[in-house]
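So you can see what is in the structure, the chains are spelled out below.
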Amino acid sequence: MKNTQKLVDADLSRIIEMAWEDKIPFEAINREYNLNESAVIILMRQNLKSSSFKLWRKRVSGRKTKHLFLQSSNISTSNL
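None of these values were measured; they are calculated from a predicted model. (Residues numbered from 1 in each chain as written. Predicted model: local features only at pLDDT ≥ 70, side-chain atom pairs only at ≥ 80, totals over all residues. Heavy atoms only, no water.)

**Here we look at unusual backbone geometry**
In most cases, non-glycine residues show a negative phi, while peptide bonds are predominantly trans.
Moving on, step 1. With phi around 60°, Asn34 is a residue other than glycine that occupies positive phi space.
Moving on, step 2. Residue position: Asn34 is located in the loop between helix H2 (26-33) and helix H3 (37-47). (Helix = DSSP H or I, 4+ residues; strand = E, 2+ residues; numbered from the N terminus.)

See below:
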């Protein structure tokens, strides 16, 4: 089980990249890195500048593509 204290730089960079990507849901990050949405938010807050974090939160808050249960059935996440 990985947590934010034990992540290597490559993992951290990939998680941040996945979090910024509109089409990658939080559930995919959870599957790959065992970090739920709350943990990703904490990670982003700790590793981004304040202004970047605020911009990211504004972008992902309520965004349908960041949550599988909000996505329409025609969006496939199997390749993520």
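**A word on the packing of H3 against helix H4 (residues 50-60)**
Moving on, step 1. The interhelical angle for the contact between H3 and H4, taken along N-to-C directions, is 150°, at an axis separation of 8 Å. As the angle between them shows, H3 and H4 are arranged roughly antiparallel. When H3 is examined against H4, the residues Val40, Ile41, Met44 and Arg45 are found in contact with a partner set consisting of Phe53, Trp56 and Arg57.
Moving on, step 2. The residue makeup of the contact of H3 with H4, split by class, is five nonpolar, no polar and two charged. (Axes fitted to C-alpha atoms, helices over the stretch in contact; angles between N-to-C directions. Parallel < 35°, antiparallel > 145°, perpendicular 65-115°, else oblique. Contact = heavy atoms within 4.5 Å. Nonpolar A, V, L, I, M, F, W, Y, C, P; charged D, E, K, R; others polar.)

**Examining the pattern of salt bridges**
Moving on, step 1. Counting across every chain of the model gives two salt bridges.
Moving on, step 2. For Asp22, the salt bridge identified is with Arg59, shortest N-O distance 2.4 Å. Linking Asp22 in the loop between helix H1 (9-20) and H2 with Arg59 in helix H4, this pair joins segments that are 37 residues apart in sequence. (Salt bridge = Lys/Arg side-chain N within 4 Å of Asp/Glu carboxyl O.)

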